[in-house]
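# Report on the structure
Listed below, chain by chain, are the residues.
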Amino acid sequence: MKNLTKSNHGQPMSYSGDSINQNDDHYLSVDNVSIGFDEREILSNISFQLQRGDIGCLLGPSGCGKTTLLRSIAGFESVDDGMIQLNAKALSHQGYILPAEQRNIGMVFQDYALFSHLNVIDNIAFGLHRFSKTQALTRANDLIARIGLVGKEHKMPHELSGGEQQRVALARALAPEPQLLLLDEPFSNLDVELRETLSRDVRDIIKQSNTTALMVTHDQHEAFAMADSIGVIQSGRLAQWGSAYTIYHEPVNAFVADFVGQGVFLEGQMRSASEVNTTLGCFEREIASAEQDSLVTGDKVKVLIRPDDIIHDDDSELTARVITRDFRGAEFLYTLALANGEELLVMVPSHHNHAINEQIGIRLEIDHVVVFK
Amino acid sequence: MLNLWELRDRFRKISVWQVFLVVMALPTLLALLGVLSALLDPDVETLSHLAQYVLPQTIKNTIFLVIGVAVVTTALGVSLAWLTAVCDFPLRRFFVWALILPMAIPGYVMAFALVGLFEYTGPVQSALRDVLGSSSAFPEIYSFGGVVLALSLALYPYTYLMVRNAFQTQGLRSLEVGQSLGLSIRESFWRICLPTARPWIVGGALLVMMETLSDFGTVAIFNYDTLTSAIYKSWFGLYSLPAALQVASVLLIFVVVITLLERHSRASQRFSQTRSATLMVSRIRLKVVSRWSATAFCLLVFSLAFVMPVIRLLYWAIPNLDVELTAQFWRYMVGSTSLSMIAMAMIAGLALLMAFAARTYNQPFAKIAVRISTMGYALPGTVLAVGLFVPVAAMDNMLSALGFSTPLLQGTMVVMLLAYSVRFMAVAFAPLESNLLRITPSIDAASRSLGVSGIRMLAKVHLPMVRGGLLTAMVLVFVDVMKELPITLMTRPFGFNTLAVRIFELTSEGLWERAALPALAIVLVGLLPAFILIRKSDAR
């Protein structure tokens, strides 16, 4: 096993012919993984799969255990239960851990962790010790071109801006053509404006190099911008794994609905297994998940209403009172109160300037009716 | 029943680094066990002799000396630190760093230079007699006061540096707070500045007490019998190792008490750690008289502790230069330098490996191992020399039982280097550890994720990043070994001499003018760490 990893290490992976096989759907497989420190459980029964070439994202509030999960995939933490596999090879299971240095998994750290005594090109070439000197130099120069730092090869890390340091860290991790790239809160040290452009750049660079990647963040916008699939982690458990669209529109529980995107919950009562009554009328729900299937007529439920489910319409007979207004440039985010005191959020183009306490007309346009017990 | 498979699994998980950490802690433990072995097998006859004739006087002397030196160094250190950190007076900027220089003069050099200056036939009393016709009112230098003066002048820079740092980070700021609350400067000093600086004042005093307990050369010149000289005399005068060990175990009790107090005071320093003052606040402007008295006071201390001793040494050395600069002098010089270089390479190298191992295995076990290995800085050289002799002799006995011709280890460089490494490991470890702490754990993780780990990671990543700390560690160990007296004296191979030993031999025969040249060589080398400290101490 050791020899196999060593021969893989730093060498270009073969993607041709029969190596594309049934493994590709679960190229990275995290199966029932639990991790604890000092008898305190950090992660319990985490399972998900990542396709080859995809970018996955673990999203969750700070302290939910997402970084621990990333570090266990990197090989810095051992697992107490379950199994982590990459390309059908076991990396960690109970009582076994393949050392991080033998995994050929690249990592971009939150603080970048650039080697302060090495210049840009030497930082990038650091992991290329199994290449010849000229090969390593060619590869490093190639990556410098790809991250757009030509001319800064011999600068020291402290002479670079935050965004440039970040890209050097990315290039350094990509240089040995890792089997998997991990990114730990890669944009958290950058300005908000820089985050958006850089996350697009980073996604392009990763996709171009055909690398499978998994990143960790607490920022849903980063997750939406980067990821093909997103896992929402709620205090040590994987609440949901799916595409950005699914997570936003079809959250499996109230935590996911609340953490991802904005919205409010209205009180409701099931009229039948598929219909729900609220103050705003009766809705029919089409989605069915395990939790929702158990609902029966008469159950008290909460109905998720996203700002984009409500449309401001001056002609509508249904009105609500403005309680707060939040100017966002192109639009206003109004918090509205219904007659019975329940609140709604609505996004309105900013030329509709309404004062607090004004009654404004609204119309419902709900595509996905999401109901929780 | 013992599960053998489980046991084998456990041993498999033990890495080379863990074994290394244990090995590093062994010499200190062996030395301590060596000293304590005397208590297990008490020799009643020597013990009663010691209890009757030696211990009462030496213990009393030791306690008086430690307290005396602590009081004088604290008074000097605190007042000088206050003046240079907070007040403004002529030549202040010069004194800020100049007052650190006496650190370069080891106690035993300070001692014979001061004796040379202040004894009856010395220049000071002669001048007095020329002017006044008599110098009988001049205090006798061969006295308790003389020892205290010599040690205090050599050791006050420790307190000065620590307390000055405390005053500098919060002194001026707390003065302003005091003023804003309606306190005068005098009231602020006593009610705010002094209490907040107390952990550092106490820390400095305890450090000085530790050095005083270890001192051997200074008290020997004054013929002032303390526990350290009693250890030496028991071994080399009475030829009784058990007696030496008994005395050493008494000295060990003092050391343990001071060490525990010092550890406690360091904890309270952390507790009251303040951010460094980046804001320049205006200093106190003294009135004309006090301004010039401040300059005069600093000048007095600086000349007594540095200028006059150095001039005294030069006056002795220069006329005899052609007589003294012989092949023999160069032999001592080469002996000292090469020994210091070997010790420097060995101790700094081991300290680097240990700091790296402790970083890699950040577990309670590693912390304990490091704490034991760096404990030796508190152990007086005399205690170490006799303490290590016991296990070394035992090992030689074992080897001779195996058929080797003995003694294999006794009287070799091995014993001496072992004792040095116990004594100076902390000196080398501290700067390396503080440099390593500045490297974030994600650097290690980054290196590992790129396939570089273990000793290759140390060489490619950590070593280039801790070059500054390694250099400091090497300089400090080099100079400390160069100045070291008791360990060298008691464990050196037959016929091996260093500058320090040469000074000891010459001064014990009263040949001060001949000891001056090797002493000057040591002072010159000792200036190196003083300059490192000056650079570090932010001499504003």
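Residues numbered from 1 in each chain as written. Chains lettered and ligands numbered in written order. Predicted model: local features only at pLDDT ≥ 70, side-chain atom pairs only at ≥ 80, totals over all residues.

## Notes on the overall build of chain B
Formally: Comment: elements are numbered from the N terminus, with helices defined as DSSP H or I runs of at least four residues and strands as E runs of at least two. With C-alpha atoms as the basis for the radius of gyration, the globule rule is written as 2.2 Å multiplied by the number of residues raised to the power 0.38. Every C-beta atom is placed from the backbone, and the number of other C-beta atoms within 10 Å of a residue's own sets its class: buried at 20 or more, exposed at 12 or fewer, partly exposed in between.
When you go through chain B residue by residue, the secondary structure sums to 23 helices and two strands. Scaling as 2.2 N^0.38, a compact globule of 540 residues should have a C-alpha radius of gyration of about 24 Å, and chain B matches this with 25 Å. Overall, chain B is about 85 × 60 × 50 Å in size when its C-alpha atoms are taken along their principal axes. For chain B, buried positions account for 46% of its 540 residues.

## Brief notes about the overall build of chain A
Which entries qualify depends on this criterion: Once C-beta atoms are placed from the backbone, any two residues with those atoms within 7 Å are in contact.
Helices and strands together make up the secondary structure of chain A, namely ten helices and 21 strands. Seen along its three principal axes, the alpha-carbon backbone of chain A occupies a region of about 75 × 45 × 45 Å. Within the span of chain A, comprising 373 residues, buried residues form 39% of the whole. Taking as baseline every contact in chain A between residues at least 6 positions apart, the subset at least 24 positions apart corresponds to 67%.

## Quick look at the pairing of strand β17 (residues 319–327) of chain A
All names here are of chain A. The cut-off we apply is this: Two strands pair if DSSP finds at least two bridges between them.
Here β17 runs beside strand β20 (residues 359–364); their pairing, made up of three bridges, is antiparallel. Considered in β20, the bridge of T319 is made with G361. Joining the antiparallel neighbours β17 and strand β18 (residues 331–337) is a turn of three residues, in which G329 adopts a positive phi near 90 degrees.

## What to know about the sheet that holds strand β3 (residues 55–59) of chain A
Residues and elements named next belong to chain A. Cut-off, in case you're wondering: Axis lines are fitted to C-alpha atoms, over the contacting stretch for helices. Their N-to-C directions set the angle, which ranges from 0 to 180 degrees.
Sheet architecture is open: six strands sit in the order β7-β8-β9-β3-β10-β11, paired in mixed fashion. With partners counted over all chains shown, the strands left at the sheet margins are β7 (105–108) and β11 (237–242), one partner each. The average angle at which neighbouring strand axes cross in this sheet is 20 degrees, direction not considered. With four bridges connecting them, strand β8 (residues 180–184) and strand β9 (residues 213–217) associate as parallel partners. From the neighbouring strand, L183 faces β9, where its bridge partner is M215.

## Brief notes about the sheet that holds strand β16 (residues 310–312) of chain A
Residue and element names in this part refer to chain A. Sheet architecture is open: five strands sit in the order β16-β20-β17-β18-β19, paired in antiparallel fashion. With partners counted over all chains shown, the strands left at the sheet margins are β16 and β19 (343–349), one partner each. Recorded for the sheet is a direction-independent mean angle of 50 degrees between the axes of neighbouring strands. By the bridge criterion, six bridges tie β17 to β18 in an arrangement that is antiparallel. Looking at β18, one finds that V322 is bridged to L336.

## What about the nonpolar core?
Residues and elements named next belong to chain B. Just so we agree on the cut-off: To define a nonpolar core, we join buried Ala, Val, Leu, Ile, Met, Phe, Trp, Tyr and Cys residues through C-beta atoms within 7 Å and take the resulting set.
In this structure, I231, A351, A428 and V477 are the most contacted members of the largest nonpolar core, which totals 268 residues. Examining the composition of this core, we find that 18 residues originate from one element, helix α7 (residues 144–180), more than from any other. Setting aside its immediate chain neighbours within four residues, I231 contacts A244, V247, A248, L251, T382, V383 and V386.

## Considering the packing of helix α16 (residues 381–401) of chain B against helix α17 (residues 413–437) of chain B
Working note: a packed helix pair is described by the angle between its axes plus the distance between those axes. All names here are of chain B. Which entries qualify depends on this criterion: Here is the rule for angles: anything less than 35 degrees is roughly parallel, anything more than 145 is roughly antiparallel, 65 through 115 is roughly perpendicular, and the remaining ranges are oblique. The hand of a helix crossing depends on one turn: near helix anticlockwise from the far one by less than a right angle means left-handed, and clockwise means right-handed. Each residue is assigned to one class: nonpolar for Ala, Val, Leu, Ile, Met, Phe, Trp, Tyr, Cys and Pro, charged for Asp, Glu, Lys and Arg, and polar for all the others, Gly among them.
The interhelical angle for the contact between α16 and α17, taken along N-to-C directions, is 130 degrees, at an axis separation of 10 Å. Regarding the angle of α16 to α17, the classification is oblique. Two packed elements cross with a definite hand, and for α16 against α17 that hand is right-handed. For the pair α16 and α17, the contacting residues are G381, L384, A385, L388 and V392 in the first and V415, L418, A419, V422 and R423 in the second. Here the residues of the contact of α16 with α17 are counted per class, giving eight nonpolar, one polar and one charged.

## With respect to the interface of chain A and chain B
Residue-level contacts link 20 residues of chain A with 14 residues of chain B. Ranked by residue count, the leading element in the side of chain A that touches chain B is β7(A), at three residues. Classifying every residue of the side of chain A that touches chain B gives eleven nonpolar, seven polar and two charged.

## Here's the deal with helix α15 (residues 364–373) of chain B
All names here are of chain B. Under the convention used in this document: Note: the arc covers the axis-to-C-beta directions of the helix.
Those residues of α15 that fall on the buried side of the exposure criterion are A369, V370 and S373. Taken end-on, α15 shows its buried residues confined to a sector of 95 degrees, consistent with a single buried face. Facing away from the buried side of α15 by more than 90 degrees, the exposed set consists of P364 and I368. On the buried face of α15, the contacting elements are α2 (16–40), α14 (327–360) and α17.

## Notes on the pairing of β19(A)
Residue and element names in this part refer to chain A. Only one face of β19 is buried, namely the one carrying L344, V346 and V348, since none of E343, L345, M347 and P349 on the opposite face is buried. Alignment of β18 against β19, held across seven bridges, turns out to be antiparallel. Bridge pairing in β19 links A337 to E343. The antiparallel hairpin formed by β18 and β19 contains five residues in its connecting segment, where G341 sits at a positive phi of about 95 degrees.

## Examining the environment of B:F365
Summarising the element assignment, B:F365 is placed in helix α15. Here B:F365 falls in the partly exposed class, since 13 other C-beta atoms lie within 10 Å of it.

## Some details on helix α18 (residues 441–449) of chain B
For α18(B), the set of buried residues is B:I443, B:D444, B:A446, B:S447, B:R448 and B:S449. Looking at the buried residues of α18(B), the elements they touch are α2 (66–74) and β7 of chain A together with α19 (454–465) of chain B. Looking at the residues trailing α18(B), positive phi occurs at B:G451, about 85 degrees.

## Some words on the environment of B:L299
Among the structural elements, B:L299 can be located in helix α12 (residues 288–317). Taking the C-alpha atoms as reference points, B:L299 and B:F95, separated by 204 residues in sequence, lie 8.0 Å from one another.

## Topic: the packing of helix α5 (residues 162–174) of chain A against helix α6 (residues 192–208) of chain A
All names here are of chain A. Between α5 and α6, the shortest axis-to-axis distance is 11 Å and the interhelical angle comes to 20 degrees. As the angle between them shows, α5 and α6 are arranged roughly parallel. Classified by chirality, the crossing of α6 by α5 is right-handed. Residue-level contacts link G163, Q166 and L170 of α5 to L194, L198, V202 and I205 of α6. Counted by class, the contact of α5 with α6 contains five nonpolar, two polar and no charged residues.

## Some points on unusual backbone geometry
Residue and element names in this part refer to chain A. With a phi close to 50 degrees, N87 is a non-glycine residue in the positive phi region. Structurally, N87 can be placed in the loop between β4 (81–86) and β5 (89–93). Under the C-beta neighbour-count criterion, N87 is labelled partly exposed, with 19 such atoms within 10 Å. Of note in this structure, N210 is not a glycine but carries a positive phi near 60 degrees. On the basis of neighbour counts, which here come to 11 C-beta atoms within 10 Å, the residue N210 falls in the exposed class.

## Focus on the confidence of the model for chain B
When pLDDT is low, close inspection of the predicted coordinates is not appropriate. Stated formally: The predictor attaches a confidence to each residue, and that confidence, scored 0 to 100, is pLDDT.
Confidence along chain B averages 88 in pLDDT terms, with 94% of residues attaining 70 or more. Here the predicted complex scores 0.82 on pTM and 0.78 on ipTM.

## Comments concerning the environment of A:F37
Here A:F37 shows up in strand β1 (residues 28–37). A C-alpha to C-alpha distance of 9.5 Å links A:F37 and A:D80, two positions 43 residues apart in sequence.

## Some remarks on the confidence of the model for chain A
This prediction gives chain A a mean pLDDT of 86; 92% of its residues lie at or above 70. Contacts from residues 1–21 of chain A, a stretch scored under 50 in pLDDT, to residues over four places away or in other chains number 18 contacts.

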